[in-house]
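# Architecture and fold: a report
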Amino acid sequence: MSIAPARRRMGARSNSDRPLLGSHGRRGFALITVIWGLGLLTLLGAAVIVGARYRARSALADGLVLSSAAAAESAVNLAIATILSPTQNTSFPKRCRMPGGEQAEIVVEEEVGKIDINAANLATLERFFAGLAQDKPLGSKIAQNVVNFRKPLQRRENSNQTAPTNAANEIKISGFSTILELDQVEGISPALLRSAIRYTTTLSGRVEPAPEAMTPTLRLLMGLDPGRGERRRPTLPGHFTIRADVRATDGSRYIREALVSFGASSGLPYTIREWRRGDIVGSSANSPPTGDPAQACFKL
C-alpha cells in the first residue's frame with residue numbers, strides 16, 4: 001500500500017473537519033451578540049425605570065410646593081378676613097391647621113413698628129444697620145447712603161439735554177417707592193437685604209418706630225429690651241405685613257407675605273400693595289406660640 005493515497009485520505013478528512021470548526025465559531029459569536037444585546041436592553045430598561053421614578057418624585061415635589069403656596073396664600077386671605085370681621089376676636093400670632101393638613105403660622109406685623117427708610121433720621125438708621133450688619137462703620141456708611149438715596153433728584157422729562165430748564169419739564173423724585181429698592185443702596189449685600197426687608201417699611205412716616213408695635217427682634221437690634229411678643233389684634237385703619245409660614249406634611253416650608261393697607265383712601269376695605277416670597281428666619285423671638293397644631297384654621 002502506497003503512502004500517497006493514505007496522505008490524500010488524511011488530507012481529505014482534515015478538509016472535511018474545517019467547516020465544522022467554522023460553524024462552532026459562528027455559533028459562539030452569535031451567542032456573544034445575544035448576551036450583549038440582552039445587557040443593553042437591561043441597561044435601557046433600568047434607565048427608563050430610574051427616569052420614571054425621578055419624574056414621579058419631581059412631580060410629587062412640585063405638587064407639594066404648589067399645594068403649600070396655595071395654602072400660604074389662603075392663610076393670608078384668612079388673616080385679612082379675620083381682621084376685617086368685627087365679630088372675630090382672633091389675635092395674632094396664630095397657629096392652626098389648613099384643610100390640606102398643612103400647619104400654618106400667621107403673623108401680622110404693624111408697619112408703624114418698623115424702620116421707615118423714607119422718614120427715619122440718620123441716628124435711627126445708623127443704630128438699625130449697625131445692629132443688623134454687626135458692624136458699626138458699615139452700618140454708618142449704609143445709613144448715610146440711604147439718606148443720600150432719598151434726597152430729591154431733578155430729572156428731565158425731556159431727553160434733549162439742550163432744552164431750556166423750567167418747572168414744566170422737570171420731575172422731582174424723592175425717596176424709596178418700595179423697600180425692595182434697598183438693593184440699589186451701596187453697601188447692602190444680598191444677605192443683608194433679605195434681613196433688612198423684614199424690619200423696614202415706606203408707609204409709617206415716623207422718624208422712629210412705635211415701641212409698642214416693634215417686634216422683639218427689632219427691639220434687640222435697636223439696643224432696646226426685647227421683652228416678650230404679645231398676642232394682639234390689629235387696630236384699623238393701618239398698614240400691616242401679613243406673613244404666613246406653612247409647613248407641608250412632608251416637612252417642607254413655604255412662606256408668603258403680603259403688604260396690606262386697611263382703610264385706604266381709595267374707599268376699598270383693604271388694598272394689597274405687594275406680594276412677597278418670605279425667607280425662613282432662624283430662631284426668631286417673634287415666632288408664633290406653639291399651640292395645638294390640630295386646631296383648624298377654619299371649618300369648611
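What comes next is a walk through the structure. (Residues numbered from 1 in each chain as written. Predicted model: local features only at pLDDT ≥ 70, side-chain atom pairs only at ≥ 80, totals over all residues. Heavy atoms only, no water.)

## Remarks on helix H4 (residues 190-197)
Structural remark: α-helix, 3.6 residues per turn; residues separated by three or four positions point the same way. Counted only if it meets this: Three labels apply to residues, based on accessible area from a 1.4 Å probe with only protein chains included: buried if under 20% of the type maximum, exposed if over 50%, partly exposed otherwise in between. Only DSSP runs of H or I with at least four residues qualify as helices, and only runs of E with at least two residues qualify as strands; both kinds are numbered from the N terminus onward. Note that the arc is defined by the directions from the helix axis to the C-beta atoms. Throughout, a residue-residue contact means that at least one pair of heavy atoms, one from each residue, lies within 4.5 Å.
Every buried residue belonging to H4 is among Leu192, Leu193, Ala196 and Ile197, and all of these are buried. All buried residues of H4 lie within an arc of 135° about the axis, which places them on one face of the element. In this structure, the buried residues of H4 make contact with helix H2 (122-133), helix H3 (136-149), strand E6 (200-201) and strand E9 (270-277).

## Thoughts on the pattern of salt bridges
Heads up, the condition is: The salt bridge criterion pairs a side-chain nitrogen of Lys or Arg with a carboxyl oxygen of Asp or Glu, the two atoms within 4 Å.
For the structure on display, the rule yields nine salt bridges. We note a salt bridge from Glu257 to Arg276, for which the minimum N-O separation is 3.5 Å. Linking Glu257 in strand E8 (residues 253-262) with Arg276 in strand E9, this pair joins segments that are 19 residues apart in sequence. A residue is classified by how much of its surface remains accessible, and Glu257, at 7% relative accessible area, is buried. Where salt bridges share partners, they join Glu109, Glu111, Lys114 and Arg198 into one cluster.

## Looking at the packing of H2 against H3
To keep it simple, the criterion reads: Every angle, taken between N-to-C directions, lies between 0 and 180 degrees, and every axis is a line fitted to C-alpha atoms, over only the stretch in contact when it is a helix. Any angle that falls under 35 degrees is termed roughly parallel, while one over 145 is termed roughly antiparallel, one within 65 to 115 roughly perpendicular, and all others oblique. Note on convention: the crossing is left-handed when the near helix lies turned anticlockwise from the far helix by less than a right angle, right-handed when the turn is clockwise. Gly counts as polar in this scheme, as do all residues outside two lists: the nonpolar Ala, Val, Leu, Ile, Met, Phe, Trp, Tyr, Cys and Pro, and the charged Asp, Glu, Lys and Arg.
At a closest axis distance of 7 Å, the pairing of H2 and H3 adopts a crossing angle of 135°. Classified by the interaxial angle, the pair formed by H2 and H3 is oblique. Considering the relative orientation of H2 and H3, their crossing is right-handed. Each of Leu122, Leu125, Glu126, Phe129, Ala130 and Ala133 in H2 lies in contact with H3, whose residues at this interface are Lys136, Leu138, Gly139, Ser140, Ile142, Ala143, Gln144, Val146 and Val147. Split into classes, the residues belonging to the contact of H2 with H3 amount to ten nonpolar, three polar and two charged.

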